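Structural features, examined
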Amino acid sequence: MTMAKLRSMTASHSMIVTLLIIILSVGIWVWINHMSTHTIPRGQLKGAIIQYAMAYVEKNGHRDLNLDTVSKELNVSHGAPYRHFKTKNDLLSSLALDGFTDLGDTQAAFIARYPAGSRQQMVALSEAYVDFLVRRERLYDVMWDFTWTPEINPETAAAGRRTFILFTTTVKAYIDEQGLDPELQDEMQMSIWSLLHGLAVLSLHKPEIVQPTPERLNHLVRSGMTALLDGYDMQRPNKSLH
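Bringing the overall build of the chain into the picture now. The secondary structure content of the chain amounts to 9 helices and 0 strands. In the chain, which comprises 242 residues, the proportion classed as buried is 38%. Partitioning the contacts of the chain with sequence separation of at least 6, the portion at a separation of at least 24 is 69%. As displayed, the chain has an accessible area near 14000 Å², and 60% of this comes from carbon and sulfur atoms.

Before going further, it helps to examine unusual backbone geometry. Of note in this structure, Asn75 is not a glycine but carries a positive phi near 60 degrees. Relative to the helices and strands, Asn75 is located in the loop between α3 (67-74) and α4 (88-111). Overall, the relative accessible area of 36% leaves Asn75 in the partly exposed class. Within the chain, Gln211 stands out as a residue other than glycine whose phi angle is a positive 50 degrees. Following the sequence through the fold, Gln211 ends up in the loop between α8 (207-210) and α9 (214-233).

Attention now goes to the environment of Asn60. When you line up the elements, Asn60 lands in helix α2 (residues 45-60). The class of Asn60 is partly exposed, set by a relative accessible area of 41%. Separated by 78 residues in sequence, Asn60 and Arg138 place their C-alpha atoms 7.6 Å apart.

Next up on the list: the pattern of salt bridges. Taken as a whole and judged by the stated rule, the model has 10 salt bridges. Where Asp98 meets Arg136, a salt bridge forms, and the shortest distance between an N and an O atom there is 2.7 Å. One end of the pair, Asp98, is in helix α4; the other, Arg136, is in helix α5 (residues 119-144), with 38 residues separating them in the sequence. Assessed through its relative accessible area of 34%, Asp98 is described here as partly exposed. Among the ionic pairs, Asp102 bridges to Arg136, the shortest N-O distance being 2.7 Å. Of this pair, Asp102 sits in helix α4 while Arg136 is found in helix α5, placing the two residues 34 residues apart along the sequence. Taking the relative accessible area as the measure of exposure, Asp102 reaches 16% and is therefore buried. Judged by its relative accessible area of 12%, Arg136 is buried.

Before going further, it helps to examine α5. Compared with the 38 Å implied by 1.5 Å per residue over 26 residues, the 27 Å span of α5 between its first and last C-alpha is markedly short. A bend of about 105 degrees at Arg136 is the largest found in α5. The element α5 is largely enclosed, with a buried count of 19 among its 26 residues.

It is worth spelling out helix α7 (residues 185-205) at this point. Since one α-helical turn is 3.6 residues long, residues separated by three or four positions face the same way. The first and last C-alpha atoms of α7 sit 30 Å apart over 21 residues, in line with the 30 Å expected at 1.5 Å per residue. Residues Gln185, Met188, Gln189, Ile192, Leu196, Leu199, Ala200, Ser203 and Leu204 constitute the buried set of α7. End-on, the buried residues of α7 take up no more than an arc of 135 degrees, which puts them together on one face. Exposed side of α7, more than 90 degrees from the buried face: Asp186 and Met190 are the residues found there. Check the buried side of α7 and you find it contacts α5, α6 (154-178), α8 and α9.

Before going further, it helps to examine the confidence of the model for the chain. Here the chain shows a mean pLDDT of 85. Residues at 70 or above account for 80%. Segment residues 26-38 is flagged for pLDDT under 50; beyond a separation of four residues in sequence, or across chains, it makes 5 contacts in the model.

Glancing now at the nonpolar core. Ranked by size, the top nonpolar core spans 55 residues in total, and within it Leu65, Leu91, Leu95, Met122, Met188 and Ile192 carry the most contacts. Elements supplying a minimum of two residues to this core: α2, α3, α4, α5, α6, α7 and α9. It is α5 that contributes the most residues to this core, 11 residues altogether. Setting aside chain neighbours within four positions, we find Leu95 in contact with Ile50, Ala53, Met54, Val57, Leu139 and Val142.

Calculation notes
- Residues numbered from 1 in each chain as written.
- Predicted model: local features only at pLDDT ≥ 70, side-chain atom pairs only at ≥ 80, totals over all residues.
- Heavy atoms only, no water.
- Helix = DSSP H or I, 4+ residues; strand = E, 2+ residues; numbered from the N terminus.
- Buried < 20%, exposed > 50% of the residue type's maximum accessible area, 1.4 Å probe, protein only.
- Contact = heavy atoms within 4.5 Å.
- Areas by Shrake-Rupley, 256 points an atom, 1.4 Å probe, with all protein chains shown as cover.
- Salt bridge = Lys/Arg side-chain N within 4 Å of Asp/Glu carboxyl O.
- Expected span 1.5 Å × (residues − 1).
- Bend = angle between axes of the 7 residues up to and from the residue.
- Arc of directions from axis to C-beta.
- pLDDT = per-residue confidence, 0-100.
- Core = buried A, V, L, I, M, F, W, Y, C linked by side-chain atoms within 4.5 Å.

Right, here's the structure in full:
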């Protein structure tokens, strides 16, 4: 065998070995990357994203949340969250759905404790907002900083609509039972909502003013609702309080 032929065979062998090493290295890298970025079972990723986002929002608020951070923290590929949520607002709409569902359930539970149309039920309606605010305060902004229309998320819009219906039907029952002018309903609803929403916003964003302990918040809504209802009660012929 000539030296030239031997050198050629050696070079070919070296190239094959080098190629095999490259292929093996790439395979190992792909396997490691797959293992490190797919720790969540395929069918559970959407739920994991919502769970992480909810925990993040309830600790930090929603403004700095983004899908890139979600993918990094959940140790999934960059594009994984976008398969379930096209935008940040799509993700926030799922959080708002949870919030409105919780608020609606809380309203229903609180107003069920008292007879329809009673003053106690109206106060309980306001206390339901305090209960929710104390438990889910950071989620409140997600629910009310946006207008959740059916075009954005029909389930979120329906859950929000349910809270509104519970609110308006409770007010209407009070007006009917207390013999007030039905024309007052819109005005009364706006007055009550201004009290509750205004207190919530101050509690969240100006806590130094409100000093929002559960006890103080409940005191404020009770006193505010009592004063408001007393004012409307003066507008009916029979001035006795029910």
